[in-house]
Amino acid sequence: MKVLIISSGLPSKKYPLNGIFAFDQAKALAAHGVDVAFFSIDLRSIRRFRRWGCNSYVIENIRCFEYNFPVGPLGWRVLDYIGRNVVSFLYKKVFGQEQKPDVIHTHFASSLGAFLAEKTGIPLVITEHSSEMNRVDLPQATIDRVKRDYIKASAVIAVSSILASSLMEKTGIECRVIHNIIDVSLFSKNVRRKHSGFTFVTTALLSERKRIDRIILALRQCPAGVRLVIVGDGPMRTELERLVSNNRLGDRVEIKGMLSRADTADVYAGCDCFVLPSSRETFGVVYVEAMAAGLPVIATRCGGPEDFVNDENGVLIDVDNQHQLEDAMNYMIGNIGRYDEDGIKAYVQSKFSPEVVAEQILELYAEILSDNG
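### Focus: the nonpolar core
Link 1 in the chain: Counting residues in hydrophobic clusters, the biggest one holds 95 residues, and the most contacted among them are Leu4, Phe39, Phe200, Val201, Phe274, Ile298 and Met329.
Link 2 in the chain: The residues touching Ile298, leaving out its near neighbours within four places in the chain, are Phe200, Cys273, Phe274, Val275, Leu276, Tyr287, Val315, Ile317, Leu325, Ala328, Met329 and Met332.
Link 3 in the chain: Grouped together as the second largest cluster of nonpolar side chains are 25 residues, Val3, Leu10, Ile62 and Tyr365 included.

Structure representation (structure tokens):
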């Protein structure tokens, strides 16, 4: 089987999370014997450093073709016009002399994927991740634009059941729920390090939506000596550093900045519980990565974690409920012994490993190709 995956980015040394979910899927499919071609079409502004023009690489046995052109925020119509020309150029360059793909798979609603599928007659699959699609105040113009892409797809995948329900309500499109892939082996291989006291950890873009400030404030209600490690960077970092200082928590809170997945896994090995009170998620990869390391989690009912957080692996609280967050953190401190590290790891392996998710995607491909004769 030949599959073309279209993404808006490709992971790099400078931007390791760029297009990471799509590339994780590409690796999982390739491991199952699928011939995967990966198109990365990056039209972001010139402020994002990358190598301009058309480049090709083989990364982990996947043929990758990227086209980087600094368009920036010129509006979706301009981006669509340029993007369609780019994807047509790449398709002709790569598949002009070889068998065309059996399936085109895009991540997030993509007019480029819809355009190419319509032009070539190849079945299209769209995986929707965007947390924007869970917004109750999503503009109708956005809904209409997304729906135009969805109706051209043979299947739309939602990464959580709540996102699937939200998309059905907004667009009328029924979605298949297939969760994101987690690199279980990377996060589960480290041996937990013995340490004194109790340490919470969180990993996130340091933005308002992630509510990291709420964790810092909740730490004041925890016993002295309880620590918090923050992995990530973002627009709220200075504000969070000021909050730590103003509350005299400098000896209890450490902000490590952006780390690689491997370094993040190493941090988890020295922690006791993961906590992230996000206001909105469509899945919540960071929660499951922490669970793959054997950590119980504290999560909010924000659109994604409801699919996988249960009494055996963590605590669910309401969004923006500070008292529940404080109670959950103190509960974890007093009851951490009831959580089975190996059991949490096994749960993640059974539901989110590359092998499991790739098989679900391949099953969907087979259904589509069968329906298309």
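### Quick notes on the side chain of Gln25
Link 1 in the chain: When you line up the elements, Gln25 lands in helix α1 (residues 20-31).
Link 2 in the chain: Contact partners of Gln25, with chain neighbours within four places excluded, come to Ile5, His105, His107, Thr127, Ile181, Ile361 and Tyr365.

### Let's talk about the environment of Cys54
Link 1 in the chain: One can find Cys54 in strand β3 (residues 53-59).
Link 2 in the chain: Considered as a pair, Cys54 and Ser40 are 14 residues apart in the sequence and their alpha carbons are 9.8 Å apart.
Link 3 in the chain: Beyond its immediate chain neighbours, meaning those up to four positions away, Cys54 contacts Glu66, Tyr67, Phe89, Leu90 and Lys93.

### Some thoughts on the side chain of Arg252
Link 1 in the chain: Tracing the backbone shows Arg252 in the loop between α8 (237-246) and β11 (253-257).
Link 2 in the chain: Of the side chains with opposite charge, Asp251 lies nearest to the buried Arg252, which makes no salt bridge, at 5.6 Å.
Link 3 in the chain: Side-chain polar atoms of Arg252 contact the backbone oxygen of Pro223, separated by 3.1 Å.
Link 4 in the chain: In this structure the side chain of Arg252 is engaged in a polar contact, spanning 2.9 Å, whose partner is the backbone oxygen of Val226.
Link 5 in the chain: When near neighbours in sequence (up to four residues on either side) are disregarded, Arg252 contacts Leu219, Cys222, Pro223, Ala224, Gly225, Val226, Arg227 and Leu228.

### Notes on the pairing of strand β5 (residues 103-107)
Link 1 in the chain: With five of five residues buried, β5 lies mostly within the body of the structure.
Link 2 in the chain: Burial of the side chains of β5 extends over both faces: Val103, His105 and His107 are buried on one face and Ile104 and Thr106 on the other.
Link 3 in the chain: As judged from the four bridges shared by strand β1 (residues 2-7) and β5, these two strands associate in the parallel manner. Across the sheet, residue Ile6 finds its bridge partner in β5, namely Thr106.
Link 4 in the chain: As paired strands, β5 and strand β6 (residues 124-128) are joined by four bridges and run parallel to one another.

### Thoughts on the state of the cysteines
When the sulfur atoms of two cysteines share a covalent bond, that bond is a disulfide.
Link 1 in the chain: Following the criterion strictly, the structure yields zero disulfides and no others.
Link 2 in the chain: With no disulfide of its own, Cys54 has Cys64 as its nearest cysteine by sulfur position, at a separation of 12 Å.
Link 3 in the chain: A residue is classified by how much of its surface remains accessible, and Cys54, at 31% relative accessible area, is partly exposed.
Link 4 in the chain: Distance from the sulfur of Cys222, which forms no disulfide, to the nearest cysteine sulfur (Cys273) is 10 Å.

Definitions and limits used
- Residues numbered from 1 in each chain as written.
- Predicted model: local features only at pLDDT ≥ 70, side-chain atom pairs only at ≥ 80, totals over all residues.
- Heavy atoms only, no water.
- Core = buried A, V, L, I, M, F, W, Y, C linked by side-chain atoms within 4.5 Å.
- Buried < 20%, exposed > 50% of the residue type's maximum accessible area, 1.4 Å probe, protein only.
- Contact = heavy atoms within 4.5 Å.
- Helix = DSSP H or I, 4+ residues; strand = E, 2+ residues; numbered from the N terminus.
- Lys, Arg positive; Asp, Glu negative; His and termini not counted.
- Salt bridge = Lys/Arg side-chain N within 4 Å of Asp/Glu carboxyl O.
- Polar contact = N/O pair within 3.5 Å; in protein donor to acceptor, adjacent residues only side chain to side chain.
- Pairing = 2+ DSSP bridges.
- Disulfide = S-S within 2.5 Å.

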